[in-house]
Number of protein chains: 2
Amino acid sequence: MSEATIRDVARRAQVSIASVSRALNGLDNVRAETRDRVLAAASELGYVPHAGARSLSLARAHAIGVVLPDLHGEFFSEFVRGMDREAGRRGYVMLLSNIHDESEQAAAALRAMRGRVDGLIVMAPHLSEAMLRRSLPAGLPSLLINGPEGMEDGPTVRLDNDAAVEAMIAHLVATGRRRIAHIAGPEGNVDARERVAAFRASMARHLPDADPVIVAGDFSEEGGEATARAIIAGQIDCDAVFAANDMMALGCLQALRSAGVDVPGRIAVAGFDDVPLARYLGLTTMRVRIAEMGARAITRLIDILEGKGADDAAERHQAELVVRSTTGARAT
Amino acid sequence: MSEATIRDVARRAQVSIASVSRALNGLDNVRAETRDRVLAAASELGYVPHAGARSLSLARAHAIGVVLPDLHGEFFSEFVRGMDREAGRRGYVMLLSNIHDESEQAAAALRAMRGRVDGLIVMAPHLSEAMLRRSLPAGLPSLLINGPEGMEDGPTVRLDNDAAVEAMIAHLVATGRRRIAHIAGPEGNVDARERVAAFRASMARHLPDADPVIVAGDFSEEGGEATARAIIAGQIDCDAVFAANDMMALGCLQALRSAGVDVPGRIAVAGFDDVPLARYLGLTTMRVRIAEMGARAITRLIDILEGKGADDAAERHQAELVVRSTTGARAT
DNA sequence: TTGTAGGCGTTATCAC
DNA sequence: GTGATAACGCCTACAA
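- Chain A has the name LacI family transcriptional regulator in an unreviewed UniProt entry, where Sphingomonas suaedae is given as its organism.

This is the structure we're talking about:
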């Protein structure tokens, strides 16, 4: 019942455990015949090396810890898939952990990783820099994804929100929009903050005379619907809505249309992320290649772990403008 | 730089490592003053126990391995979230691994878990029984989710496809449908197979005179569209389509509607899973509470690990009929 | 109450 | 080429 150990294999093959280890790890200083005996014994016993013991002895777990906030749907699954694939390719396993809030629980999740992983990937758009510095285990190399500002002293991967927002504003302006409103994400979120700032900057560049309208939102459909109601009620005057994510854009889109507002005839609607729903409903948006970001994070972290040179770069990934039917030309 | 060990704490607190261990693990046979000295030393050094070493000595890793096929979107993320939450609550971490095909790679992924986890949760709707028996590590308790038939000798969680299909057929029949077509999923998939069989049985019960139409599909939108084309071309005569998952149902729905077919007036469309898109587009479907299934799997596995009695039950989870606008009354 | 020592399953450094 | 043996970091009898 209990698993065979290297000792059992040694006994059965009539050799020392040292030889078993050598044979199984493919070292060349073993006689061919010895190797065969060991291999045979191992397979007869169904022996599988104990990864825990192995990593203790090697001081290498061949595992990386991934700490994520509450992500949803395609975003989460694509991200994890990208990481898992790359990790698997390099011979690492992935230890996944969700953190839900700012509290102790996050620190605990990080602590629980010590001694089981060789490095950490942390996505924490809502954690503060102080919090992060306090709870990141000292000896563990870690890479931050979309982390808070001011943590660029270590390796980092993040979305280039400035370029993305600029691309969208340029598109809206090019298709004749002049009064563009932005639905922002939650304040605690770094991406949301960056997008608002980028929106301001971009608007100042393209439409210096316009007064940029910014509506508060929370990344949920409901936020978009509220904005739509305000537009319909005449409280917001705009000919385009650019939401900080797709769900808000879709909520807004649906509310506008069911109120009989012509989209894109009278008002253009655009989002951010390119969730499947966006494609399905023809929403213009910025596509984020999240699986790729995950894979890159893993690649860089493993490169660091395996000593392919220090790497403290702040890598920015570009989003891609996807024009669909919610931002066509405006009605004249 | 390199992490402090229990020895460093012992030295600093001027006690033996045994006392450190006792103090840190909350055993009561330590003098209060000793405990305080240890705690102080530990926190000064920022000491965090080495989980790997700990699990080697305890023979318990407090980790469970989760092996999944290629799942997508909300299905994957909800499932993982359900498991992660429950695991975290019980003090376990989750080791995630995707397997993509039937080959060696699956066996390797399972092997890589040995010595790092206490138990395994395997979701493998596409692996054969033989394959599974061959590669499941002997000494590792494992629980199968939606596994192949014939593996009910161990603990198991699966969807009750029979009841789900029966509920949907009953609903369709009750709303006046008589010629119901089923779009099946890929043949290698257990759920798809079960749904086809259940469809046959259910049809025989409700409409013994009807000749059940079954169209091949592959769980993708495209499969649904093909079916829609066949219907429009008159190759399939039906007044209702019940697809084995939502994506196919949605593909079919969209193709039908854009060809001007009245849904549900002329043809009713129903799916399976209740993905967010289904809710959004008003698709009638069977809701699968996947997070709950994940949580239950974790709960049961941990109960087994912690010796709360053996548990070889084959637990079936019920899906829930969600009636929306694609299956209203038919036009008369 | 505390400390010493052995063991968990490996790998690596020595001798031989 | 092979075999003892000392780590790796922790827990836990057993002794004191």
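Describing the overall build of chain A
And then number 1: Within chain A one finds 13 helices and twelve strands.
And then number 2: Against the globule reference of 20 Å for 332 residues, chain A gives a C-alpha radius of gyration of 26 Å, more extended than a compact globule.
And then number 3: Here the C-alpha coordinates of chain A stretch approximately 90 × 40 × 35 Å along the principal axes.
And then number 4: Per-residue burial over chain A gives 55% buried out of 332 residues.
And then number 5: Separation of charge centres in chain A, based on 38 positive and 44 negative side chains, amounts to 5 Å.

Considering helix α6 (residues 104-111) of chain B
Residue and element names in this part refer to chain B.
And then number 1: Considered for burial, the residues of α6 that qualify are Ala106, Ala107, Ala109 and Leu110. Looking down the long axis of α6, one finds its buried residues gathered within 160° of arc, a one-sided arrangement.
And then number 2: Structurally, α6 contributes buried residues whose contacts are with β1 (63-68), β2 (93-98), β3 (119-123) and α7 (129-135).

Some words on the UniProt feature "domain: HTH lacI-type" (unreviewed entry) in chain A
And then number 1: Cross-referencing UniProt, the feature "domain: HTH lacI-type" (unreviewed entry) maps to residues 4-58 of chain A in the present numbering.
And then number 2: Here residues 4-58 of chain A runs as 69% helix and 0% strand, with 20 Å between its end C-alpha atoms.

A closer look at the sheet that holds strand β6 (residues 180-183) of chain B
Residue and element names in this part refer to chain B.
And then number 1: Here four strands make up an open sheet; going across it, the order is β7-β6-β8-β9 and the pairing parallel. Edge positions in the sheet fall to β7 (213-215) and β9 (268-270), since each of these pairs with one other strand and no more. Across the sheet, the axes of successive neighbouring strands diverge by a mean angle of 20°, strand direction being ignored.
And then number 2: Across three bridges, β6 lies against β7 in parallel orientation. Within the sheet, the bridge partner assigned to His182 lies in β7 and is Ile214.
And then number 3: Packing of helix α9 (residues 190-206) onto the sheet brings it into contact with β6, β7 and β8 (240-243), and relative to β6 it is tilted by some 170°.

A few points about the protein's contact with DNA strand C
And then number 1: If you check the shell around DNA strand C, you find 27 residues, and the closest are A:Ile6, A:Ser21, A:Arg54, A:Ser57 and B:Thr34.
And then number 2: Counting only the atoms of DNA strand C that lie within 4 Å of the protein, the sugar and phosphate share comes to 63%.
And then number 3: In this structure, A:Asn25 approaches DNA strand C through a side-chain N or O atom, which is 3.1 Å from a phosphate oxygen.
And then number 4: At a separation of 2.8 Å, a phosphate oxygen of DNA strand C approaches a polar backbone atom of B:Arg31.
And then number 5: Where the surface near DNA strand C is concerned, the elements lending two or more residues are α1 (6-13), α2 (17-24) and α4 (51-58) of chain A together with α2 (17-24) and α4 (51-58) of chain B.
And then number 6: Tallying contributions element by element places α4(A) first for the surface near DNA strand C, with four residues.

Points about the relation of the copies chain B and chain A
And then number 1: When chain B is fitted onto chain A, the two copies agree to an RMSD of 0.1 Å after a turn of 180° and an axial shift of 0.1 Å. With respect to symmetry, the two chain copies, as superposed, fit the operation of a two-fold axis.
And then number 2: Here 100% of the contact residues of chain B are again contact residues in chain A; the copies associate through an equivalent surface.

A look at the side chain of A:Asp239
And then number 1: Tracing the sequence through the fold places A:Asp239 in the loop between α10 (221-232) and β8 (240-243).
And then number 2: With sequence-adjacent residues up to four places away left out, A:Asp239 is seen in contact with A:Gly176, A:Arg177, A:Arg178, A:Arg179, A:Ile180, A:Arg266, A:Ile267, A:Ala268 and A:Arg330.

Some points on the packing of aromatic side chains
And then number 1: What the rule picks out here adds up to three aromatic pairs over all chains.
And then number 2: Measuring from centroid to centroid gives 5.8 Å for A:Phe76 and B:Phe76, while their planes differ by 35°, and the two rings are tilted. Highlighted residues: A:Phe76 in helix α5 (residues 73-89) and B:Phe76 in helix α5 (residues 73-89), drawn from two different chains. Side by side, A:Phe76 and B:Phe76 carry an identical accessibility label, which is buried.
And then number 3: With a centroid separation of 6.5 Å and an interplanar angle of 15°, the aromatic rings of A:Phe242 and A:Phe272 are classed as stacked. On the criterion of sequence distance, the pair formed by A:Phe242 in strand β8 and A:Phe272 in the loop between β9 (268-270) and α12 (276-281) is long-range, its members being 30 residues apart. The burial state of A:Phe242 is the same as that of A:Phe272; both residues are buried.
And then number 4: Taking the ring centre of A:Phe272 as reference, the NZ or CZ of A:Arg195 above it sits at 3.7 Å.

Quick look at the interface of chain B and chain A
And then number 1: On the side of chain A, 48 residues touch chain B, which itself brings 48 residues to the contact.
And then number 2: Around 4200 Å² of area is buried between chain B and chain A when both sides are counted, 56% of it from carbon and sulfur atoms.
And then number 3: Our enumeration of links across chain B and chain A arrives at six salt bridges.
And then number 4: B:Arg114 is the salt-bridge partner of A:Glu3, the closest N and O atoms lying 3.8 Å from each other.
And then number 5: Between chain B and chain A we count 27 residue pairs in polar contact (both at pLDDT 80 or more) in total.
And then number 6: When contributions to the side of chain B that touches chain A are tallied by element, the ones reaching two or more residues are α4, α5, β2, α11 (246-258) and α12 (276-281) of chain B.
And then number 7: In terms of residue count, α5(B) provides more of the side of chain B that touches chain A than any other element does, nine residues in total.
And then number 8: Class assignment for the residues of the side of chain B that touches chain A results in 24 nonpolar, twelve polar and twelve charged.
And then number 9: With three bridges connecting them, strand β2 (residues 93-98) of chain A and β2(B) associate as antiparallel partners. Bridge assignment links A:Met94 to a residue of β2(B), and that residue is B:Leu96.

Some remarks on the protein's contact with DNA strand D
And then number 1: Around DNA strand D, a shell composed of 26 residues is seen, among which A:Thr34, B:Ile6, B:Tyr47, B:Arg54 and B:Ser57 lie nearest.
And then number 2: If you look at DNA strand D and keep only atoms within 4 Å of the protein, 67% of those are sugar or phosphate atoms.
And then number 3: Contact between DNA strand D and A:Arg22: a base nitrogen at 2.7 Å from a side-chain N or O atom of the residue.
And then number 4: Here a phosphate oxygen of DNA strand D sits 2.7 Å away from a polar atom, N or O, in the main chain of A:Arg31.

Brief notes about the nonpolar core
And then number 1: If you look at the biggest cluster of nonpolar residues, it comprises 88 residues, and the most contacted ones within it are A:Ile180, A:Phe242, B:Ile180 and B:Phe242.
And then number 2: What A:Phe242 contacts, discounting residues up to four positions off in sequence, is A:Val165, A:Met168, A:Ile169, A:Leu172, A:Ile180, A:Ala181, A:His182, A:Ile183, A:Phe199, A:Ala270, A:Gly271 and A:Phe272.
And then number 3: Judged by nonpolar contacts, the second largest core, of 55 residues, contains A:Ile183, A:Cys238, A:Leu277 and B:Tyr280.

Cut-off values and rules
Throughout this description, residue numbers start from 1 for each chain and increase along the sequence as written. Starting at A for chains and at 1 for ligands, labels are handed out in the order in which the entities are written. Given that the model is predicted, a residue must reach a pLDDT of at least 70 before its local features are reported, and side-chain atom pairs must reach 80 or more before they are shown or counted; all residues, however, enter totals for whole chains, interfaces and linings. Each side-chain value is derived from all of the structure's non-hydrogen atoms; neither hydrogens nor water enter the calculation. Elements are defined by DSSP. Helices are runs of H or I of four residues or more, strands are runs of E of two residues or more, and each kind is numbered from the N terminus. We compute the radius of gyration from the C-alpha atoms alone; for a globule the expected value is 2.2 Å times N to the 0.38, where N is the number of residues. Note on exposure labels: buried denotes an accessible area under 20% of the residue type's maximum, exposed denotes more than 50%, and partly exposed covers the range between, all computed with a 1.4 Å probe on protein chains only. Only four residue types enter the charge count, namely Lys and Arg as positive and Asp and Glu as negative; His and the chain termini do not. We put the charge of a Lys on NZ, of an Arg on CZ, of an Asp on CG and of a Glu on CD. Note that the arc is defined by the directions from the helix axis to the C-beta atoms. The contact definition used throughout considers only heavy atoms, calling two residues in contact when any of these lie within 4.5 Å. UniProt positions are given in the numbering used here, feature names are shortened, and annotations may be inferred rather than shown by experiment. For two strands to be treated as a pair, DSSP must find at least two bridges joining them. In this analysis an axis means a line fitted to C-alpha atoms, helices contributing only their contacting stretch, and an angle means the value between N-to-C directions, from 0 to 180 degrees. The criterion for a residue being near a molecule or strand is simple. One of its heavy atoms has to lie within 4 Å of it. The definition of a polar contact used here is a pair of N or O atoms within 3.5 Å, where within protein one atom must be able to donate a hydrogen and the other to accept one, and adjacent residues in sequence count solely through side-chain atom pairs. Alignment of the copies relies on least squares applied to C-alpha atoms, considering only residues that score at least 70 for pLDDT in both. Between the rings of Phe, Tyr and Trp (Trp by its six-membered ring), a pair exists once the centres lie within 6.5 Å; its type follows the angle of the planes, with under 30 degrees stacked, over 60 edge-to-face, and the other angles tilted. Lysine NZ or arginine CZ positioned within 6 Å of the ring centre and within 35 degrees of the ring normal marks a charge as sitting over the ring. Buried area: the accessible surface (1.4 Å probe) lost by two parts on joining, summed over both. Criterion for a salt bridge: a side-chain nitrogen of Lys or Arg within 4 Å of a carboxyl oxygen of Asp or Glu. Residue type decides the class: Asp, Glu, Lys and Arg count as charged, Ala, Val, Leu, Ile, Met, Phe, Trp, Tyr, Cys and Pro as nonpolar, and the leftover types, Gly among them, as polar. To define a nonpolar core, start from buried Ala, Val, Leu, Ile, Met, Phe, Trp, Tyr and Cys residues and group those joined through side-chain atoms within 4.5 Å.

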